[in-house]
Amino acid sequence: MRSPFPPFAWRTLRRAPSEREREGLASAVRTMLLFQRTLTKWKLPGAAPDATPFVGLYADGHLRGCYGSDEGTPGERLGRAFLRALDDGRFGGVRADERDRVVAQISYVRRAKLVNPATAAEELELGVHGVAVVPEKGAPVLLLPHVARDGRIGPVELLQTLSRKAGLGDDGLGEHAVYLLETEDVVVRVGPRTPTVKGLDAARAWLASLVTPDGRVTFAIDPRARTRSEVGVMHHGRAS
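Asker: Sorry, what's going on with the layout of surface pockets here?
Answerer: Over the atoms rolls a probe the size of a water molecule, and its path tells where empty space is left. Taken as a whole, the second largest pocket holds about 340 Å³ of empty space. Along the wall of the second largest pocket there are 15 residues; nearest its centre are Arg 15, Glu 21, Ala 48, Pro 49 and Asp 50.

The structure is reproduced here in structure tokens:
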């Protein structure tokens with residue numbers, strides 16, 4: 001039976017990208033990061049998933065831009081999303097003094113599930129689900145899963161943020177198509193411009209840096225913000 005609600009408005013992945021496909025995406029976006037730093041020539045990726053890419057750009061852990069694009073071929077969509085995120089006025093865009101530290105996160109929606117707006121907060125798993133609304137009239141709006149983590153907000157607040165972004169007020173989702181979504185993400189960064197110690201010496205220096213002078217050991221590192229944590233989900237396993 002056909003749903004009376006509008007369908008999900010973005011192209012989704014049919015399957016999770018392979019490791020080789022992830023490496024290809026990372027390589028392509030790495031050249032884009034170099035481009036925004038030095039205006040080095042770059043080419044569109046030869047292959048990219050036939051879905052809608054969303055590119056988030058971070059500097060020192062702070063979001064500087066986030067855009068998706070459905071325009072053109074899969075490779076062109078990725079390039080357009082990156083360029084639009086670079087100059088995203090909503091988050092200030094990437095400043096000149098931040099270019100060396102920009103980290104990119106590419107996200108593709110893999111699953112999108114139509115849900116009842118009244119029970120969406122109960123079904124929503126923070127960090128796993130993003131949310132989207134497709135109104136009968138007006139533009140569809142999407143929030144990726146990491147929005148809740150970045151803003152340190154709960155399910156109800158995330159849905160209210162979605163509703164406000166769509167121009168529906170705090171609680172205007174009730175009569176519209178609301179989706180929970182999951183994504184496949186690839187995080188990409190480039191190294192510093194200045195030459196560093198190479199090979200095994202670099203590996204040894206990095207491992208040594210994980211232990212502080214008083215003996216504390218880094219358990220995890222946020223790939224975008226580069227912040228370190230001494231505890232984590234499996235911290236008890238390491239201690240045992």
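More follows now that the structure is in view.
Asker: Looking at this structure, I do not really get helix α2 (residues 74-86). What am I missing?
Answerer: Side chains three or four residues apart in an α-helix point the same way, a direct result of the helix having 3.6 residues per turn. Taking 1.5 Å of rise per residue, 13 residues should cover 18 Å, and α2 covers 19 Å from first to last C-alpha, within 8% of that figure. Inspection of α2 places Gly 75, Arg 77, Leu 78, Gly 79, Ala 81, Phe 82, Ala 85 and Leu 86 among the buried residues, and these make up the whole buried set. Where the residues of α2 are buried, they touch α1 (19-38), β1 (53-59), β2 (62-68) and β3 (102-115).

Asker: Explanation requested: the nonpolar core in the structure shown.
Answerer: What tends to happen in soluble globular proteins is that the nonpolar side chains get buried as a cluster. In terms of nonpolar packing, the biggest core is built from 22 residues, with Leu 57 and Leu 78 touching the most fellow members. Mapped onto this core, the elements with two or more residues apiece are α1, β1, α2, β3 and β6 (177-188). Excluding its chain neighbours within four sequence positions, the residues that come into contact with Leu 57 are His 62, Leu 63, Arg 64, Gly 65, Phe 82, Ala 85, Leu 86, Val 94, Val 102, Val 103 and Ala 104.

Asker: So what exactly am I meant to see when it comes to the pairing of β2 here?
Answerer: Looking along a regular strand, one sees the side chains alternate between the two faces of the sheet. For β1 and β2, the ladder comprises six bridges, and the chain directions are antiparallel. When the sheet's bridge partners are listed, Ala 59 is paired in β2 with His 62. Counted between consecutive antiparallel strands, the loop separating β1 from β2 contains two residues, among which Asp 60 sits at a positive phi close to 55 degrees.

Asker: Any chance you could explain unusual backbone geometry here in plain terms?
Answerer: In most cases, non-glycine residues show a negative phi, while peptide bonds are predominantly trans. In the Ramachandran plot, Leu 39 falls in the positive-phi region, its phi being about 65 degrees despite a non-glycine side chain. On the secondary structure map, Leu 39 appears in the loop between α1 and β1.

Asker: Help me understand the side chain of Arg 64, please; the structure alone is not making it clear to me.
Answerer: Inspection of the secondary structure puts Arg 64 in strand β2. On the basis of relative accessibility, which here comes to 14%, the residue Arg 64 falls in the buried class. A polar side-chain atom of Arg 64 sits 2.8 Å from a polar atom in the side chain of Glu 98. Not counting residues up to four positions away in its chain, the partners in contact with Arg 64 are Leu 57, Tyr 58, Ala 59, Ala 85, Asp 88, Phe 91, Gly 92, Gly 93, Val 94, Arg 95 and Glu 98.

Asker: Any chance you could explain the sheet that holds β2 here in plain terms?
Answerer: The antiparallel open sheet is built from six strands, whose spatial order is β2-β1-β3-β6-β4-β5. In this open sheet, the two strands that pair with only one neighbour each are β2 and β5 (141-143). Between one strand and the next, the sheet's axes are offset by a mean angle of 25 degrees, whatever the strand orientation. The sheet contacts of α1 involve β3 and β6, and relative to β6 the element is tilted by about 75 degrees. Of the strands in this sheet, β1, β2 and β3 are in contact with α2, which crosses β1 at around 35 degrees.

Asker: Any chance you could explain helix α5 (residues 155-165) here in plain terms?
Answerer: The set of residues buried in α5 consists of Leu 158, Leu 159, Leu 162 and Ser 163. Here the buried residues of α5 occupy an arc of 140 degrees about the axis, which is enough to place them on one side. Elements that come into contact with the buried residues of α5 comprise α3 (120-123), β4 (130-134), β5 and α4 (146-151). Once α5 finishes, Gly 167 follows within two positions and takes phi at roughly 80 degrees, a positive value.

Asker: How do you make sense of the pattern of salt bridges when you look at a structure like this?
Answerer: In a structure, side chains of opposite charge can pair up when their charged atoms sit close to one another. Taken as a whole and assessed by the stated rule, the structure comprises 17 salt bridges. Lys 113 serves as the salt-bridge partner of Glu 123, at 3.2 Å between the closest nitrogen and oxygen. One end of the pair, Glu 123, is in helix α3; the other, Lys 113, is in strand β3, with 10 residues separating them in the sequence. Through salt bridges with shared partners, a single network forms among Arg 11, Asp 50, Asp 70 and Arg 77.

Reading guide: rules and limits
Residues numbered from 1 in each chain as written. Predicted model: local features only at pLDDT ≥ 70, side-chain atom pairs only at ≥ 80, totals over all residues. Heavy atoms only, no water. 1 Å grid on protein atoms, 1.4 Å probe; cavity = no way out; pocket = protein on both sides within 12 Å on 5 of 7 lines; lining within 4 Å. Points joined across faces, edges and corners; volume = space filled by probe spheres on them. Helix = DSSP H or I, 4+ residues; strand = E, 2+ residues; numbered from the N terminus. Expected span 1.5 Å × (residues − 1). Buried < 20%, exposed > 50% of the residue type's maximum accessible area, 1.4 Å probe, protein only. Contact = heavy atoms within 4.5 Å. Core = buried A, V, L, I, M, F, W, Y, C linked by side-chain atoms within 4.5 Å. Pairing = 2+ DSSP bridges. Polar contact = N/O pair within 3.5 Å; in protein donor to acceptor, adjacent residues only side chain to side chain. Axes fitted to C-alpha atoms, helices over the stretch in contact; angles between N-to-C directions. Arc of directions from axis to C-beta. Salt bridge = Lys/Arg side-chain N within 4 Å of Asp/Glu carboxyl O.

Limitation: the analysis is restricted to geometry and does not speak to function.
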